[in-house]
Each structure stands twice: as C-alpha cells, then as structure tokens.
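# Inside the fold
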Amino acid sequence: MTGEVGEIALSKQDLREVTAFAAACAEVVLEVFEGDQPDDVRPRDAIGAAWEFARGGERGKALRDRAWAALKAAKSADTAAAREAARAAMPAAGAAYLHPLAKATQVKAHSRS
C-alpha cells in the first residue's frame, strides 16, 4: 500500500489467515444450520471455498458466488439461530476480498428480513 493515513496493508497471506479464522468460526455453528436445513449445502460450500483460499487457492467468481449463496441460504432457514449460522458462512468466504481501508464506511449492513 502507499502508506496513506487510513490504509492497512494486507498481503495475500494476511487475507488467507483472516479467511481461515472466519472459516473456523463459521464451522463451529454450521451444524445449527444443517440441523434446520439438512439438504442445503450452500453454507458448507461457502466455508469449503473459504478454506480452499486459506490453504493457497486463488480468489475468483466461484468464491464470491458461494459467499452470496450462503447469504441466500439464510433466508430459507426456519429459526433465527439457523439463519445466523448460514450468515456466518458468507463473510468467511468473503474475507478473501477485504479492502485495505480502515474506514467503517467500507462495510455495509445487510437487511435482516
């Protein structure tokens, strides 16, 4: 990065480590979603894609698609706990795309319908 105020230098290895942490956290609650929606693999696929990147894979459309699919899966859950468990998979896969700016405005809240 250029060293401007408000920037955080994130190497690809940094992104891999953050992604691994997010994936590990999402795995802890995955069974909550799967207990509610046992045939829906979208959150599991998102976490798997996150691990793939964390272990040396590349970022790409499939990773982004799986992140969004996990968010969509949350809408199909019957309980609040299952919805939140599915939502945890979305930022796990999305962590590979963190922006190096230290601004709260970089993060947008998603409506929880």
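Below is a short write-up of the structure. Predicted, not measured: the structure shown is a model, and the values here were computed from it.

Another aspect to go through is helix 3 (residues 61-74). One full turn of an α-helix is made of 3.6 residues, so residues set three or four places apart face in the same direction. Helix length check: helix 3 (14 residues) gives 20 Å between terminal C-alpha atoms against 20 Å at 1.5 Å per residue, within 8%. Turning to helix 3, the residues buried within the fold contact helix 1 (12-36), helix 2 (42-54) and helix 4 (80-94).

All right, on to the packing of aromatic side chains then. Tallying each qualifying case throughout the model produces 0 aromatic pairs. In this structure, R16 packs its charged tip against the face of F53, placed 4.6 Å from the ring centre.

Together, I8, L10, V18 and L98 make up a nonpolar patch on the protein surface, roughly 290 Å² of accessible area in all. Tracing the chain through its elements places L98 in the segment after helix 4.

This next bit is on the packing of helix 3 against helix 4. Two elements in contact, helix 3 and helix 4, have axes separated by 7 Å at closest approach and are oriented at 165°. It follows from the interaxial angle that helix 3 and helix 4 lie roughly antiparallel. Regarding helix 3 and helix 4, the two cross each other, and that crossing is left-handed. Counted together, L63, A67, W68, A70, L71, A73 and A74 of helix 3 and R83, A86, R87, A89, M90, A93 and G94 of helix 4 form the full contact between these two elements. Split by residue class, the contact of helix 3 with helix 4 holds 11 nonpolar, 1 polar and 2 charged.

With that settled, the discussion passes to the nonpolar core. Grouped together as the largest cluster of nonpolar side chains are 22 residues, with contacts concentrated most on I47, W51 and L63. Listing elements by their share of this core, those giving two or more residues are helix 1, helix 2, helix 3 and helix 4. Broken down by element, the residue count for this core peaks at 7 residues, all from helix 2. If we skip the residues at most four places from it in the chain, W51 touches A20, A23, A24 and E27. F33, A77, A82 and A86 belong to the second largest nonpolar core, which has 7 residues in total.

Calculation rules
Residues numbered from 1 in each chain as written. Predicted model: local features only at pLDDT ≥ 70, side-chain atom pairs only at ≥ 80, totals over all residues. Heavy atoms only, no water. Helix = DSSP H or I, 4+ residues; strand = E, 2+ residues; numbered from the N terminus. Expected span 1.5 Å × (residues − 1). Contact = heavy atoms within 4.5 Å. Phe/Tyr/Trp six-rings, centres within 6.5 Å; stacked < 30°, edge-to-face > 60°. Lys NZ or Arg CZ within 6 Å of the ring centre and 35° of its normal. Patch = residues over 30% accessible without salt bridge, like charges linked within 9 Å, V, L, I, M, F, W, Y side chains within 5 Å. Areas by Shrake-Rupley, 256 points an atom, 1.4 Å probe, with all protein chains shown as cover. Salt bridge = Lys/Arg side-chain N within 4 Å of Asp/Glu carboxyl O. Axes fitted to C-alpha atoms, helices over the stretch in contact; angles between N-to-C directions. Parallel < 35°, antiparallel > 145°, perpendicular 65-115°, else oblique. Left-handed = near helix turned anticlockwise from the far one by under 90°. Nonpolar A, V, L, I, M, F, W, Y, C, P; charged D, E, K, R; others polar. Core = buried A, V, L, I, M, F, W, Y, C linked by side-chain atoms within 4.5 Å. Buried < 20%, exposed > 50% of the residue type's maximum accessible area, 1.4 Å probe, protein only.

Purely geometric stuff here, so don't read any function into it on its own.
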